[in-house]
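Examining the three-dimensional arrangement
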Amino acid sequence: MITKAGIISFVNEALKLEELATSTAYDIALQTCLNDLSNCNLLPAEDISQSLVLEGKTLNYPTAFKQLISIVLNDGSYDGKPLKLIPGGMSEYGRLMQNYSSNGVGEPTHQTEFNKKFYIYPPADGAYTAKIKHYKFHAQSITTIEFGDEFANAINLGTAYFKAVLTNRPVETVTKYSQLYYAEREIRRLEMPTEPQIVGE
């Protein structure tokens, strides 16, 4: 498990500092590193807390939502296919919904995003539970680091890099740790499981 104490120990060694394991001196650099990693779509998550009712049309963004991977609905007996993206966005969704009264409800097949919601089409013909896979932003807290152990090197090197920048360390030190950090970040990106986004037809 990645711990703040372990990160402090690494950065102390890297930058020749002597902060205590409980120090807050690296908090900003550490949080900046966590933010940067999650900005690169390196923190996947899954939300299973939401559902649709009869004629349901919307689902909310999950907590700390960054970018959608897929939405899969379950009618209580099986998982449907991932919802496809409505090509024309909200304009096309509005056009489709103009015919809602004549088309009625159905098994949802498409979705589009607007104002922190997913708009579902057609409106649900019954109750569905939703499984929303997505990339998320890291919480603005270093109390619990959400990345797995495979990110230990990236977080150590990134915290050292951002701390070197914030404390105006020599250019060669900043350059050294920036190169090490970005190389490790790229390794983590390349080793992420492929999660194709559902773009539809």
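Throughout what follows, the structure given in this document is the object of discussion. Quick caveat: nothing in here was measured; it's all calculated off a predicted structure. (Residues numbered from 1 in each chain as written. Predicted model: local features only at pLDDT ≥ 70, side-chain atom pairs only at ≥ 80, totals over all residues. Heavy atoms only, no water.)

A few words on the overall build of the protein chain. Helix and strand content of the protein chain: six helices and eight strands. The linear arrangement of helices and strands in the protein chain, starting from the amino end, is α-α-β-β-β-β-β-α-α-β-β-β-α-α. Scaling as 2.2 N^0.38, a compact globule of 201 residues should have a C-alpha radius of gyration of about 17 Å, whereas the protein chain reaches 22 Å, well beyond that. When the backbone C-alpha atoms are referred to their principal axes, the protein chain occupies close to 70 × 30 × 25 Å. (Helix = DSSP H or I, 4+ residues; strand = E, 2+ residues; numbered from the N terminus. Rg over C-alpha atoms; globule rule 2.2 N^0.38 Å.)

Tallied over the entire structure, the rule returns 10 aromatic pairs. With a centroid separation of 4.7 Å and 45 degrees between ring planes, the pair formed by F147 and F151 is classed as tilted. As far as the burial class goes, F147 and F151 line up, both buried. Ring geometry for Y181 versus Y182: centroids 5.2 Å apart, planes at 45 degrees, classification tilted. The ring of F151 has R188 sitting right over it, with the charged end atom 5.6 Å from the ring centre. (Phe/Tyr/Trp six-rings, centres within 6.5 Å; stacked < 30°, edge-to-face > 60°. Buried < 20%, exposed > 50% of the residue type's maximum accessible area, 1.4 Å probe, protein only. Lys NZ or Arg CZ within 6 Å of the ring centre and 35° of its normal.)

With that settled, consider the layout of surface pockets. Of the volumes computed, that of the largest pocket is approximately 240 Å³. Together, 15 residues line the largest pocket, and G80, K81, P82, P108 and T109 are the ones closest to its centre. Of the residues contributing to the lining of the largest pocket, the split by class is seven nonpolar, four polar and four charged. (1 Å grid on protein atoms, 1.4 Å probe; cavity = no way out; pocket = protein on both sides within 12 Å on 5 of 7 lines; lining within 4 Å. Points joined across faces, edges and corners; volume = space filled by probe spheres on them. Nonpolar A, V, L, I, M, F, W, Y, C, P; charged D, E, K, R; others polar.)

This next bit is on the pairing of strand 7 (residues 117-121). For strand 7, a buried count of four out of five residues is recorded, marking the element as mostly surrounded by other parts of the structure. Relative to strand 7, strand 3 (residues 58-60) runs antiparallel, the two sharing three bridges. From the neighbouring strand, T58 faces strand 7, where its bridge partner is Y119. Hairpin remark: strand 6 (residues 110-114) followed by strand 7, antiparallel, with two residues in the connecting loop; positive phi at N115, about 50 degrees. (Pairing = 2+ DSSP bridges.)

Here the focus is the pattern of salt bridges. On inspection of all chains with the given rule, the structure shows nine salt bridges. Between D27 and K4 there is a salt bridge whose closest N-O contact spans 2.9 Å. Of the two residues, D27 sits in helix 2 (residues 27-39) while K4 sits in helix 1 (residues 4-15), which places them 23 residues apart along the sequence. Among the salt bridges present, the one from D79 reaches K131, with a minimum N-O distance of 3.8 Å. Taken together, the positions of D79 in the loop between strand 4 (65-74) and strand 5 (84-85) and K131 in strand 8 (residues 128-136) put the pair 52 residues apart, joining distant regions of the chain. Accessibility expressed as a relative area gives 43% for D79, which makes it partly exposed. Residue class for K131 comes out partly exposed when judged on its relative accessible area of 30%. Each of E184, R188 and E191 takes part in a single network of salt bridges with overlapping partners. (Salt bridge = Lys/Arg side-chain N within 4 Å of Asp/Glu carboxyl O.)

What follows concerns the sheet that holds strand 6. Pairing within the open sheet is mixed, and its four strands lie in the order 3-7-6-5. Each end of this open sheet is capped by a strand with a single partner; those strands are strand 3 and strand 5. Strand contacts of helix 3 (residues 89-98): strand 6 and strand 7, with the helix running at about 40 degrees to strand 7, the strand carrying the most contacts. (Contact = heavy atoms within 4.5 Å. Axes fitted to C-alpha atoms, helices over the stretch in contact; angles between N-to-C directions.)

Moving on, we come to the nonpolar core. By size, the foremost hydrophobic cluster in this structure holds 31 residues, and its most contacted members are L37, F147 and I155. Those elements that place two or more of their residues in this core are helix 1, helix 2, helix 5 (152-166) and helix 6 (171-190). For this core, the element with the most residues is helix 5, which contributes seven residues. Among all residues touching F147, those that are not within four sequence positions of it are I2, L34, L37, S38, L42, L43, H138 and I155. (Core = buried A, V, L, I, M, F, W, Y, C linked by side-chain atoms within 4.5 Å.)

Within strand 4, eight of the 10 residues are buried, leaving the element largely enclosed by the surrounding structure. Where strand 4 lies against strand 8, eight bridges are found, and the strand directions are antiparallel. From the neighbouring strand, I71 faces strand 8, where its bridge partner is I132.

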